[in-house]
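Chain by chain, the residues run as shown.
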Amino acid sequence: KQIMEDIAKTITDVRFAGRIKKDTSLVDKIQRYLIKNKDPKNIADIVAGRLMAKNIEGVNDSIQALQKSRKLSIIDVEDYFTQPTEFGFRGINLQAILPKGGLVEIQLTTPRSLKIVDAIHKPFYEKWRNINTETLRGKARQTYISDVKKSKEIADKIWGEIQAVKGVTEVKPM
């Protein structure tokens, strides 16, 4: 937490919030990993931080500050600003290794991307996140497709024009 707070202080108009995943949420995430044949040892958001920037430029400044930091090593970047999730979330999720080897997820957001989270997380994402949607058939499949479409429409309306994040695809593991 201190590492993220220190980095946030170096960037204009960026706020930091951190959390440790609740037990019930961790159990759900382990189940999702197992459903998708992924190794639960690779769950990165047990300890997570969020840097909320005022705008896209602040997100870019945050990425640069994180890249320069000697207190963590970025190992993975998921750019949901340029490629939103199937439900329409926009943001950047970074996975990094801390000095003592711990894995952490850092989410970079803007006020609009958090507004999208508020609108779509509970009614759509949480409804489907623990279900292997690839195996859905019939009415359940139709409901899922309809929910994804509604979620994307809500997210797109909130977001407005899609804005490109400069340099994100250039982030390399340190």
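Up top is the structure.
These numbers come from a predicted model, not from an experiment. (Residues numbered from 1 in each chain as written. Predicted model: local features only at pLDDT ≥ 70, side-chain atom pairs only at ≥ 80, totals over all residues. Heavy atoms only, no water.)

Peer 1: Is there a simple way to think about the pairing of strand β2 (residues 47–53) in this case?
Peer 2: Along any regular strand the residues' side chains alternate between the sheet's two faces. Among the 7 residues in β2, 5 count as buried, and that is most of the element. Sheet analysis places strand β1 (residues 14–20) next to β2, joined by 7 bridges and oriented antiparallel. Note on β2: the bridge partner recorded for F16 is L51. Alignment of β2 against strand β5 (residues 103–109), held across 5 bridges, turns out to be parallel. Within the sheet, the bridge partner assigned to A48 lies in β5 and is E105. (Buried < 20%, exposed > 50% of the residue type's maximum accessible area, 1.4 Å probe, protein only. Helix = DSSP H or I, 4+ residues; strand = E, 2+ residues; numbered from the N terminus. Pairing = 2+ DSSP bridges.)

Peer 1: Is there a simple way to explain the pattern of salt bridges in this structure?
Peer 2: A side chain of one charge can pair with a side chain of the opposite charge when the charged atoms of the two come close. All chains considered together, the criterion is met by 6 salt bridges. One salt bridge in this structure joins D13 and K54, with 3.7 Å as the shortest N-O distance. A residue pair is termed long-range when its members are at least 10 positions apart, and D13 in the loop between α1 (2–9) and β1 and K54 in the loop between β2 and α3 (56–68) qualify at 41 residues. Taking the relative accessible area as the measure of exposure, K54 reaches 57% and is therefore exposed. The shortest N-O distance in the salt bridge between K29 and D45 comes to 3.0 Å. Remark: D45 occurs in the loop between α2 (23–35) and β2 and K29 occurs in helix α2; sequence separation between them is 16 residues. Residue K29 is classed as buried on the basis of its relative accessible area, which comes to 13%. (Salt bridge = Lys/Arg side-chain N within 4 Å of Asp/Glu carboxyl O.)

Everything listed is a geometric property; what it means functionally is a separate question.
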